[in-house]
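# Notes for the structure review
Residues per chain are reported as follows:
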Amino acid sequence: MGAITPEQIAIVKATAPVLKEHGVTITTVFYNNLIGDVPALHNFFNTTSQTTGRQPRALAGAVLAYATYIDDLPKLTHAVERIAHKHVSLQVTPEQYEIVGKYLIQAIGQVLGDAATPDIVNAWIAAYGVLAQVFINREGEMYKSNAADGWVGWRKFRISKKVPESSAITSFYLVPSDGATPLPKYLPGQYVSLQVPVPELGYLQSRQYSLSEAPRKGEYYRISVHREEAIEPSAPALVSNMLHDKYAVGDEVELSHPQGEFLVNPQDASKESVPVVLVSAGVGATPLRAILDGLVSSGSKRPTSWIHSSRSSAALPFADDVRRICRENENVSANVFLRRLGPEDRAGVDYEFGDMRLDLAKLDKDRDLFLGDSRAEYYICGPEGFMVDVRRTLVEQGVDKTRIFLELFATGDVSEE
């Protein structure tokens, strides 16, 4: 995978409008051809995201961004880092980049037809080679770090405990089947990939789940899984619902080494007085619960605001834990929004704001949002539209985007709108 010439860079940038128009068609053809010819790759791709079209759309967006910024790659640093972590969690290998490149270039030619001139095709071959090498190098560094922890590839874990956290969320406590502990540490906010066979499909499927508490003694990992409704009849939420319905204590799953760039280092002394605001909706509470746990268990005195939106008190996860943490730590506060109140819900105990969705305007700008502190950091997790709305509101209130961090539980990345 060699270099790219200035002329080829110009050609790739010139194709951006074409990619904007035909990108999803190209990536859909790409996935159909690739998986049709190499069915073993089913194990790497989320079948639900394929069925809904989210995966082709995400790849089309990534290819378009690359064409747009091929002469200014630092602008893609966040995207590269996010994707590289995901690839490592799925055990993507350098050899697979050659296969993907072959089918991507083939799809460009198939969709564009005569418009895909030899110069355009050669320019994209060179461009893909450069980008692939960026990923191979970064992922190689991550694999080397994981190997230093004594963890290469997939590792079997046994479910030691299942604990309901709400009407739809259950925590799974996972211990290594080989008994080898302590497990590698991770930073609060990171995730693991979990892999299981799906009999209905006849192949393996992997999903990413946030680790929902800070590292303890390295005896187990905890993930908290939401029972999902089918996105559409042809795209059932396979893995999460299998874990709820078909996996019991004693059953085995496979995990890969913890990964992820959405995180907080509780030991970072330079941030000791920097406020942190944790904003979530639904199961988006899981990585933020780990961040809150990490800050408190490390003895950090960072001013911390927990802000969560839930459909109802029955669907509210970690409620008792968060209230306990607030009682025991004067630097931590919580505000809960419930969309539907029940007859037994108590203001100030079960919620602060009832019969409404999350509304930052209801909160104190200084005590809850720290808008007067130009150092404050904001970690947001929930549905994409929710996160975009919260970010927009914060930016309108003067918060710099560089201090706002988002975690998307889906293929691709959060819209920059």
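The structure displayed is predicted, hence computed values, not measured ones. (Residues numbered from 1 in each chain as written. Predicted model: local features only at pLDDT ≥ 70, side-chain atom pairs only at ≥ 80, totals over all residues. Heavy atoms only, no water.)

## Some remarks on the UniProt feature "domain: Globin" (unreviewed entry) in the protein chain
Mapped onto this structure's residue numbering, the UniProt feature "domain: Globin" (unreviewed entry) falls at residues 3-140. Along residues 3-140, the helical share is 78% and the strand share 0%, with 20 Å between the first and last C-alpha atoms. (UniProt positions renumbered as here; feature names shortened; annotations may be inferred. Helix = DSSP H or I, 4+ residues; strand = E, 2+ residues; numbered from the N terminus.)

## Details of the pattern of salt bridges
Taken as a whole and judged by the stated rule, the model has 23 salt bridges. A salt bridge links Arg-323 to Glu-352; the nearest nitrogen and oxygen atoms lie 3.0 Å apart. In this pair, Arg-323 is assigned in helix 10 (residues 319-328) and Glu-352 in the loop between strand 9 (332-338) and strand 10 (353-354), connecting sequence segments 29 residues apart. A cluster of three or more residues bridged by salt bridges with shared partners is formed by Glu-81, Arg-138 and Glu-141. (Salt bridge = Lys/Arg side-chain N within 4 Å of Asp/Glu carboxyl O.)

## Here's the deal with the sheet that holds strand 7 (residues 276-281)
Strand order in this open sheet of six strands is 10-9-8-7-11-12, and the pairing throughout is parallel. Each end of this open sheet is capped by a strand with a single partner; those strands are strand 10 and strand 12 (404-407). The pairing of strand 9 with strand 10 spans two bridges and is parallel. From the neighbouring strand, Phe-337 faces strand 10, where its bridge partner is Phe-353. The strands touched by helix 11 (residues 384-396) are strand 7, strand 11 (377-381) and strand 12; relative to strand 11, the strand with the most contacts, the crossing angle is about 160 degrees. (Pairing = 2+ DSSP bridges. Contact = heavy atoms within 4.5 Å. Axes fitted to C-alpha atoms, helices over the stretch in contact; angles between N-to-C directions.)

## Description of a positive patch on the surface
A surface patch of like charges, here positive, comprises Arg-311, Arg-339, Arg-340 and Arg-357. Along the chain, Arg-311 falls in the loop between strand 8 (304-310) and helix 10. By relative accessible area, Arg-311 is classed as partly exposed at 45%. (Patch = residues over 30% accessible without salt bridge, like charges linked within 9 Å, V, L, I, M, F, W, Y side chains within 5 Å. Areas by Shrake-Rupley, 256 points an atom, 1.4 Å probe, with all protein chains shown as cover. Lys, Arg positive; Asp, Glu negative; His and termini not counted. Charge placed at Lys NZ, Arg CZ, Asp CG, Glu CD. Buried < 20%, exposed > 50% of the residue type's maximum accessible area, 1.4 Å probe, protein only.)

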